[in-house]
Amino acid sequence: MTPTPFFHQESEAVRFWVEMDNGEYIGATISKQTLHYRFQAEMSGANALAVYNVHREEIDAAVLRRVKAGSREPVMLREADVAKR
């Protein structure tokens, strides 16, 4: 079962886990700023978790791309990782 994502106040980021092809989970984060600039989340972070959940498939795919490119846990997504293609 996938661990539950949550908004971490101190780091101002959503922390979440993505299942990899081998069935293991890798931890990742996406900041409230990245969610704001890419997905129009509130800058305060008030709806960061909800916005993550709406765009979860796209965000999780970005994590998998970073892992395949050599990133290690925790994967910290930046705006360029989730830029419109």
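Residues numbered from 1 in each chain as written. Predicted model: local features only at pLDDT ≥ 70, side-chain atom pairs only at ≥ 80, totals over all residues. Heavy atoms only, no water.

1. Points about the sheet that holds strand E1 (residues 6–8)
How we decide: By this definition, two strands are paired if DSSP reports at least two bridges between them. Working definition: helices are DSSP H or I runs of at least four residues, strands are E runs of at least two. Numbering for both runs from the N terminus. Structural elements are reduced to axes, namely lines fitted to C-alpha atoms, with helices fitted over the stretch in contact, and the angle between N-to-C directions of any two is expressed from 0 to 180 degrees. Any two residues whose heavy atoms approach within 4.5 Å are treated as being in contact.
Read from one edge to the other, the open sheet built from 4 strands follows the order E1-E2-E3-E4, with strand pairing classed as mixed. Looking at the sheet topology across the chains shown, the edges are occupied by E1 and strand E4 (75–77). Strand-to-strand twist across the sheet, computed as the mean angle between neighbouring axes with direction ignored, equals 35 degrees. Where strand E2 (residues 13–19) meets strand E3 (residues 25–31), 7 bridges bridge the pair, whose relative direction is antiparallel. Bridge pairing in E3 places Glu-19 opposite Tyr-25. Taken strand by strand, helix H1 (residues 32–39) contacts E1, E2, E3 and E4, and its axis lies near 70 degrees from that of E3.

2. As for the packing of aromatic side chains
Each aromatic ring pair is specified by the distance between its two centres and by the angle formed by the two planes. Which entries qualify depends on this criterion: Put simply, two rings from Phe, Tyr or Trp (the six-membered ring, in Trp's case) pair if the centres are within 6.5 Å, and we call them stacked under 30 degrees between planes, edge-to-face over 60, tilted for the rest. Using a 1.4 Å probe on the protein chains alone, a residue whose accessible area is under 20% of its type maximum counts as buried, one over 50% counts as exposed, and one in between counts as partly exposed.
One pass over the full model with this rule turns up 2 aromatic pairs. Seen in terms of ring centroids, Phe-16 and Tyr-52 are 4.6 Å apart; in terms of plane orientation they differ by 35 degrees. Their pairing is tilted. Residue Phe-16 is found in strand E2, and its partner Tyr-52 is found in helix H2 (residues 48–54); the two are separated by 36 residues along the sequence. A relative accessible area of 0% places Phe-16 in the buried class.

3. Regarding the pairing of E3
Counting buried residues along E3, 6 of its 7 residues qualify, which places the element largely inside the surrounding structure. Turn length for the E2-E3 hairpin, with the two strands adjacent in sequence and antiparallel, is 5 residues, and the turn residue Gly-23 shows positive phi of about 90 degrees. In this structure, E3 lies alongside E4, joined through 3 bridges in parallel fashion. Across the sheet, the residue bridging to Ala-28 is Val-75, located in E4.

Coordinates in, geometry out; function isn't part of it.
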